[in-house]
Each structure stands twice: as structure tokens, then as C-alpha cells.
Amino acid sequence: MMFRRAYKYLISAVMAIAPFSAAAQEPSLNIWEGTSCGAEVRLTPYLADGDSNTACIVCPGGSYFWLDTKTEGVGVAEWLRSNGISAFVLEYRVGGIAGFITHYRLLARGNRYPDMLQDVQRSIQLVRENADRFNIDPDRLGVMGFSAGGHLTAMSGMFFDSGVLSLVGLLPEVSLRPDFIAPIYPVVSLVDRSVHKRSRRGLLGEGRAISREMKDSLSLERHARPDMPPVYLMNCVDDPVVDCRNSELLDSALTAVGVPHRYVRFETGGHGFGATASKTTAEAITWKEDFLNWLSKLFR
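Conventions and cut-offs
- Residues numbered from 1 in each chain as written.
- Predicted model: local features only at pLDDT ≥ 70, side-chain atom pairs only at ≥ 80, totals over all residues.
- Heavy atoms only, no water.
- Buried < 20%, exposed > 50% of the residue type's maximum accessible area, 1.4 Å probe, protein only.
- Helix = DSSP H or I, 4+ residues; strand = E, 2+ residues; numbered from the N terminus.
- Phe/Tyr/Trp six-rings, centres within 6.5 Å; stacked < 30°, edge-to-face > 60°.
- Pairing = 2+ DSSP bridges.
- Contact = heavy atoms within 4.5 Å.
- Axes fitted to C-alpha atoms, helices over the stretch in contact; angles between N-to-C directions.
- Core = buried A, V, L, I, M, F, W, Y, C linked by side-chain atoms within 4.5 Å.
- 1 Å grid on protein atoms, 1.4 Å probe; cavity = no way out; pocket = protein on both sides within 12 Å on 5 of 7 lines; lining within 4 Å.
- Points joined across faces, edges and corners; volume = space filled by probe spheres on them.
- Nonpolar A, V, L, I, M, F, W, Y, C, P; charged D, E, K, R; others polar.
- Salt bridge = Lys/Arg side-chain N within 4 Å of Asp/Glu carboxyl O.
- Right-handed = clockwise from strand over helix to strand, strands pointing away.

Draft legend 1. Helix α8 (residues 197-204), seen in detail. In terms of burial, α8 is largely enclosed, as 7 of its 8 residues are buried. Taken together, the buried positions of α8 are Arg198, Ser199, Arg200, Arg201, Gly202, Leu203 and Leu204. Trailing α8 by a residue or two, Gly205 shows a phi angle of about 105 degrees, which is positive.

Draft legend 2. Structural view of the environment of Glu173. In this fold, Glu173 is placed in the loop between α7 (148-158) and β6 (180-184). Distance from Glu173 to Lys288, taken between C-alpha atoms, is 33 Å for residues 115 residues apart in sequence.

Draft legend 3. Up close: the packing of aromatic side chains. Under the counting rule described, the total for this entry stands at 17 aromatic pairs. Geometrically, the ring pair formed by Phe65 and Trp66 is tilted, given 6.3 Å between the ring centres and 35 degrees between the ring planes. In this structure Trp66 comes out as buried when scored by relative accessible area, which is 9%. The interplanar angle of 65 degrees and the centroid separation of 5.2 Å between the aromatic rings of Trp79 and Trp287 together place this pair among those described as edge-to-face. In this pair, Trp79 sits in helix α3 (residues 70-82) while Trp287 sits in helix α11 (residues 287-298), placing the two residues 208 residues apart along the sequence. By relative accessible area, which is 10% here, Trp79 ends up buried. Of the aromatic side chains, those joined through ring pairs into one cluster are Trp79, Phe146, Phe180, Tyr185, Tyr232, Phe273, Trp287, Phe291, Trp294 and Phe299.

Draft legend 4. The arrangement of the sheet that holds strand β7 (residues 231-236) in detail. Taken in spatial order, the 8 strands line up as β1-β2-β4-β3-β5-β6-β7-β8 in an open sheet, and their pairing is mixed. Unpaired on one side and paired on the other, β1 (29-30) and β8 (261-266) mark the two borders of the sheet. With 2 bridges joining them, β1 and strand β2 (residues 42-46) adopt antiparallel strand pairing. Looking across to β2, one finds that Asn30 is bridged to Arg42. Packing of α7 onto the sheet brings it into contact with β3 (53-59), β5 (136-146) and β6, and relative to β5 it is tilted by some 140 degrees.

Draft legend 5. View of the nonpolar core. Within the largest apolar cluster, 55 residues are counted, with the highest numbers of intra-cluster contacts made by Trp32, Ile57, Leu90, Tyr92 and Met155. Beyond its immediate stretch of four places on either side in the chain, Trp32 contacts Cys37, Ala39, Val41, Arg93, Gln118, Asp119, Arg122, Leu165, Val168 and Leu170. Core analysis: the next-biggest nonpolar cluster, separate from the first, contains 31 residues, Val58, Ile184, Ala275 and Leu292 among them.

Draft legend 6. Region of the structure containing empty space enclosed by the protein. Inspection of every chain in the model, using the stated rule, returns 1 cavity of 30 Å³ or more. Size it by volume and the largest cavity reaches roughly 40 Å³. Along the walls of the largest cavity sit Tyr185, Pro186, Asn235, Cys236, Asp239, Val242, Asp243, Cys244, Asn246 and Ser247, which together make up its complete lining. Every element with two or more residues in the lining of the largest cavity is listed here: β7 and α10 (245-257). Among the residues forming the lining of the largest cavity, the class breakdown is 5 nonpolar, 3 polar and 2 charged.

Draft legend 7. Region of the structure containing the pattern of salt bridges. In this structure the tally under the stated criterion is 15 salt bridges. Between Glu206 and Arg105 there is a salt bridge, with its nearest N and O atoms 4.0 Å apart. You can see Glu206 sitting in the loop between α8 and α9 (212-217) and its partner Arg105 sitting in the loop between α4 (96-102) and α5 (115-129), a full 101 residues away along the chain. A residue is classified by how much of its surface remains accessible, and Glu206, at 10% relative accessible area, is buried.

Draft legend 8. The layout of surface pockets, seen in detail. Approximately 190 Å³ is the volume found for the second largest pocket. Around the second largest pocket, the lining comprises 13 residues; the ones closest to its centre are Leu67, Glu91, Tyr92, Arg93 and Val94.

Draft legend 9. Layout of the pairing of β6. For β6, a buried count of 5 out of 5 residues is recorded, marking the element as mostly surrounded by other parts of the structure. Where burial is concerned, the two faces of β6 agree: the one with Phe180, Ala182 and Ile184 and the one with Ile181 and Pro183 are both buried. Two strands pair when backbone bridges link them, and β5 and β6 are joined in this way by 5 bridges, in the parallel orientation. Note that in β6 the partner of Val143 across the bridge is Ile181. Read from β5 through α7 to β6, the crossover connection turns out right-handed. In this sheet, β7 lies alongside β6 in parallel orientation, the contact comprising 2 bridges. Counted as the bridge partner of Ile181 is Val231 from β7.

What follows is the structure in C-alpha cells.
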């Protein structure tokens, strides 16, 4: 039974990853090139026409083990670009299919926190530092992510001053605080009964060495702060993968500390649909227009 389940996730992960390179329109870059970090992490621009565009870093989901770069990466980036928003798809570090199947991270570190947070912060740094090259407004740069990528997106808005880039010798002069974040059907809690256990394992690694304190430190409902960027939050009640209470916890936490945010909850729609209408309901796909309206009001 366990092998069958692992095989199912393996196939779905491969199908999600395979189409990525063929659909890219701009050359990708390795965000760690020229630094002391030995990782290779790709950031692919999808640049809108015009100058001083709003921009958004896109973080696909995949339980922190793989990335759905087709539906929640390329598909989202192309939709944003068609609406005048320059997008950058981030293939951040994850535990990997081998890590999901074999549990090798009991013996070797592999990829785990804070790698993913370093990746998104480095991407923010690079996009802001190269705003003229990309024809974007560095003061209108956000992060959008889906499922586990939604957790990473929310971390980018909460932990922007955590100093994790200093661990690889980088001290950016630009701000690492996004100007908006959009966690879409996100993983939020690592301790509540609504926890998505596969994402927690992908993020933190294996075994009993993962402390309660570490889980608490990355349970985002416990770390909302008044100086966060504005938040667009969306999920579906019938989500079969990530318990809808994750978004409810985040909504309550944002409300408690006065963070400007919009929480949209649909009764139907499921999970993993990104910006693709054929993968969800007519109700849930309206999030796209609603998000664009919210964003236009934010920057008018």
C-alpha cells in the first residue's frame, strides 16, 4: 500500500515537472551563481510588456517535496503576464522525490528549512536589484504561492528580517519585505490538528530530532505581525489535500494583529488548480479576477 501511494505521488510529480522548460519564454537564471551557496535554483522571468510593471515571484506547490511547475508555476506566470504583471517562477529547493520515498534525510541533511526561505529572499533581492533590467517597479514586488508554496509565500511576508541570507554570506542592501503576498490554498500550521503532515516532513526533514519548538517557529498562525505586507488569502472549503482550517487560522491571526488582508473562501473548488479553469469549479476560478481587482486597488 505504501509503495502504491509513493508511486502515485512519483507519477504526479514527474508530470508536473516535465513540461516546465518547454514553456518558458525568458532565459532562467541560477539565483546562487557567484555566491558561496553551492545550490542551483532556477528563477524564470515572464516579463510583461511596458515599463515599471508590478511584479510577482511565483512559488509552486508540491508538499515541499516536488514542485508543480506546470499548473502552479508556468500557468500562473502566463496568466499574470497577460494581465500586465511580470512574473518570476521560482524553483525553490525541496526534499525531492528521493527524500519522499527513501527517508534518506535521516542520514544526510538534504534540502530542508531554511533553504526555501533563503531561495525566496535571494529572488526578492535579485529582482529588486535588477528592476531596471526587468522593467519592473521595485516597490510593487510581491510573492504568490500555492499549497506548500503558499506557506513559503507567507514566510516571506513574516520573516523578511530573519537574516537567513547572512548564513551564506549575503547582506542585501535592498529590502527583502515583499510589497504584497498571496498565499493560495496554503499550508499554514505545523502543530494544529489541521496540519498537512507531508508538507511538514518535506520542510523540516525526518525523525524525532525535529523539535516542538521548530514546529512552533514555522506554524505561521503564531507569527503574524503588524508590519507584514498586505495579504490576499484564498482557499476552498472542500479542499481534499490541505484542511481549510489552515487558511482560517491565518485569517484569524492576521485580523488579530491588524494586517490589511482579503480572505476569500469558496465552498467548492478543491486543490491544486492554480490559474487553470478546467481544474476547478466556476466558483473558485473567480479568484483570479478578484485578486487582480484587489491588487489594482492596492497600488492605485
